[in-house]
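Examining the three-dimensional arrangement
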Amino acid sequence: MTDRSATRRPRVESVDIVRGLIMIVMALDHTRDYLGTSTGNPSDPATVAVALFLTRWITHICAPVFFLLTGTGARLSLGRKTRAELSRFLWTRGLWLLFLDAVVLRCLAYQFNFDFHLTLLIVLWALGWAMIALAALICLPNIGILLIGAVMVAGHNLLDGVAPASFGALAPLWSILHVPAVIVNAPGHVVFETYPLIPWVGVTALGWCLGAVYGWPVERRRRLLLWLGWALVVAFVGLRALNGYGDPSRWTVQQTTVRTLLSFVNTTKYPPSLLFLLMTLGPALLLLCAAERRLPTWSEPVRVVGKVPLFYFAVHFVLIHLVAIAVSAIRFGTVRGMFESATLAHYPITAPPGWGFSLPGVWLSWIAVVIVMYPLCRWYAGVKDRRRDWWLSYL
């Protein structure tokens, strides 16, 4: 009998390139969370410094690409797994991601404590559930998966007026599906869920359908990615200009043209509105199209990062948090707050007064983090290339 796990289908380099690029951009936002100043809302177009707004805004593309390419990667793995094997892998890896996010990384990366006073369920939590949902969805015909994904993405804003309280005792369940909220509020223990599942499951389902085009000839695939990417961008501009359906937050005319433009692109991420997803997935498809071309040799580090996204995700949080501890010890003579996160207002760390680098300092710190991460990712990518251990597919 052929050992299917020992047969490897060549990786799609364009997917790795785009995944690696958004992983690198993602680290900018997390560096700002730990090392930046905590004053002001970075997404307030009326008052925030434009540079800070854009620093936050450019990272919005990251989460949608995570979920889209999770579905795409699952579809591509059909070359080495049967549908039944893939379904089993998706739900077991999904369960692992739930545990990894809520327990392992919560204690050993995000907060560096084991008290569970505050737990945020963030992107890996939602990604785990999206994989579990996809494990069931892939049993359907492709057209069914496409329709379910499209309805979830395009239609979930119809549910914006449904309040969790209307479900009584089931209110936490509705929050998990559609409304960011505290789902556990016990003495000494708070659990806040930030990534409602309905739209993210829909994006993952659409990513599965996107994976089918990677069996097409390159030029045909590029044409589809190009036209579909621009179609989503145009749809975003048109719907946003109407200022009606697609986002619970309307744009408004501000004191300057620049700030009006900031208001225009300030769409809702929690949960991701239709307009937020159009605004981010359109450019993502254009990046996938561009990555189909012959890329310069300097893009190789980006591809390496894209081959080991979960490893990068986990380790870069640890690295940034360790940097924050070192900065706190040197500048303030204490590291206590680096191990505390008692309230939502003090997440992910309880910083001392006067904490935080200016924006140039955040950007320089981010560049340093990415430089340090590259050799670590190259080492781990080499391990995965050399070995066939089953557990490596979960990391």
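Description of the structure in this document. (Residues numbered from 1 in each chain as written. Predicted model: local features only at pLDDT ≥ 70, side-chain atom pairs only at ≥ 80, totals over all residues. Heavy atoms only, no water.)

Regarding the packing of aromatic side chains
- Enumeration over the complete set of coordinates arrives at 19 aromatic pairs.
- A centroid spacing of 6.0 Å and a plane angle of 80 degrees characterise the contact between Trp-125 and Trp-129, whose relative ring orientation is edge-to-face. Pair noted here: Trp-125 and Trp-129 are both in helix α5 (residues 123–137), with a separation of four residues, about one helical turn.
- According to the relative accessible area criterion, Trp-125 is buried, its value standing at 12%.
- A residue is classified by how much of its surface remains accessible, and Trp-129, at 32% relative accessible area, is partly exposed.
- Plain terms: the ring middles of Phe-332 and Trp-355 are 5.9 Å apart, the flat faces sit at 35 degrees to each other, and that makes the pair tilted. Here Phe-332 is found in helix α13 (residues 309–332), whereas its partner Trp-355 is found in the loop between α13 and α14 (359–386), with 23 residues between them in sequence.
- Looking at Trp-355, the relative accessible area reads 8%, which means it is buried.
- By the ring-pair criterion, three or more aromatic residues cluster together here, those being Tyr-34, Tyr-110, Phe-313 and Phe-317.
- A cation over a ring is seen here: Lys-81 above Phe-89, with NZ or CZ 4.7 Å from the ring centre. (Phe/Tyr/Trp six-rings, centres within 6.5 Å; stacked < 30°, edge-to-face > 60°. Helix = DSSP H or I, 4+ residues; strand = E, 2+ residues; numbered from the N terminus. Buried < 20%, exposed > 50% of the residue type's maximum accessible area, 1.4 Å probe, protein only. Lys NZ or Arg CZ within 6 Å of the ring centre and 35° of its normal.)

Here's the deal with the packing of helix α7 (residues 171–178) against helix α8 (residues 197–211)
- The N-to-C vectors of α7 and α8 enclose an angle of 40 degrees; their axes lie 4 Å apart at closest approach. By the angle class used here, α7 and α8 are oblique. Here α7 contributes Trp-174, Ile-176, Leu-177 and His-178 to the contact with α8, which in turn contributes Leu-197, Ile-198 and Pro-199.
- In the contact of α7 with α8, the residues fall into six nonpolar, one polar and no charged. (Axes fitted to C-alpha atoms, helices over the stretch in contact; angles between N-to-C directions. Parallel < 35°, antiparallel > 145°, perpendicular 65-115°, else oblique. Contact = heavy atoms within 4.5 Å. Nonpolar A, V, L, I, M, F, W, Y, C, P; charged D, E, K, R; others polar.)

Notes on the nonpolar core
- Phe-67, Tyr-110, Leu-124, Leu-288, Tyr-312 and Phe-313 are the most contacted members of the largest nonpolar core, which has 115 residues in total.
- When residues in this core are grouped by element, the largest group, twelve residues, is from helix α1 (residues 13–35).
- Tyr-110 has contacts with Tyr-34, Asp-101, Leu-105, Ile-122, Leu-124, Phe-313, Phe-317, His-321, Tyr-347 and Pro-348, leaving out every residue within four places of it along the chain. (Core = buried A, V, L, I, M, F, W, Y, C linked by side-chain atoms within 4.5 Å.)

Points about the pairing of strand β2 (residues 181–186)
- Examined bridge by bridge, β2 and strand β3 (residues 189–193) share five bridges and lie antiparallel to one another. Note that in β3 the partner of Ala-181 across the bridge is Glu-193.
- Taking the residues between adjacent antiparallel strands as the criterion, β2 and β3 are bridged by two residues, where Gly-188 takes a positive phi near 85 degrees. (Pairing = 2+ DSSP bridges.)

Concerning the side chain of Thr-204
- Of note, Thr-204 is situated in helix α8.
- With residues up to four places along the chain from it excluded, the contact list for Thr-204 reads Phe-67, Thr-70, Gly-71, Ala-130 and Leu-134.

These values are about where atoms sit, not about what they do.
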